[in-house]
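Survey of secondary and tertiary structure
Read off the chains here:
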Amino acid sequence: MSRERRKFDREFKLMAVELSKSRENINELARELGIRPELIYRWRSEHLEKPDASFTGHGKARHTPEEAEIAKLKKQLRDVEMERDILKKAISIFSRGDGKSTGL
């Protein structure tokens, strides 16, 4: 028997974060809202880290243009490093000189 995962919209999360700032007992607030206390703590830290870009939905963080560019460059770097490693291995295989290479 599987439980369907509940989804909360941005307004609900912001309301929970704002309420948690004025409440002393987060567990009690979570009980009143019908959610787990861990969610409030996670939402608070996400909102604290990126107030304007928090709670974008679907579990994907909204990136600033700079963050998107950095992510793209990191991916390109990983791809180039993998290509370099493949070429290094190929060169070592063909440069052994054990008579099995193509005569390079």
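Above this text is the structure in question.
Anyway, here's the lowdown on the structure attached to this text.

So, how was this worked out
- Residues numbered from 1 in each chain as written.
- Predicted model: local features only at pLDDT ≥ 70, side-chain atom pairs only at ≥ 80, totals over all residues.
- Heavy atoms only, no water.
- Core = buried A, V, L, I, M, F, W, Y, C linked by side-chain atoms within 4.5 Å.
- Buried < 20%, exposed > 50% of the residue type's maximum accessible area, 1.4 Å probe, protein only.
- Helix = DSSP H or I, 4+ residues; strand = E, 2+ residues; numbered from the N terminus.
- Contact = heavy atoms within 4.5 Å.
- Phe/Tyr/Trp six-rings, centres within 6.5 Å; stacked < 30°, edge-to-face > 60°.

**Things to note about the nonpolar core**
In terms of nonpolar packing, the biggest core is built from 12 residues, these being Phe8, Ala16, Val17, Ile26, Leu29, Ala30, Leu33, Ile35, Leu39, Ile40, Trp43 and Phe55. Contributing elements (two or more residues each) for this core: α1 (10-22), α2 (26-33) and α3 (37-49). Beyond its immediate sequence surroundings of up to four residues, Phe55 is in contact with Arg10, Lys13, Leu14, Val17, Trp43, Glu46 and His47.

**Quick look at the packing of aromatic side chains**
In total, this model carries 3 aromatic pairs according to the counting rule given. Ring centres 6.1 Å apart and planes at 85° place the aromatic pair Phe12 and Trp43 in the edge-to-face group. One end of the pair, Phe12, is in helix α1; the other, Trp43, is in helix α3, with 31 residues separating them in the sequence. The buried category is assigned to Trp43, whose relative accessible area is 4%.

No statement about biological role is implied by the geometric values presented.
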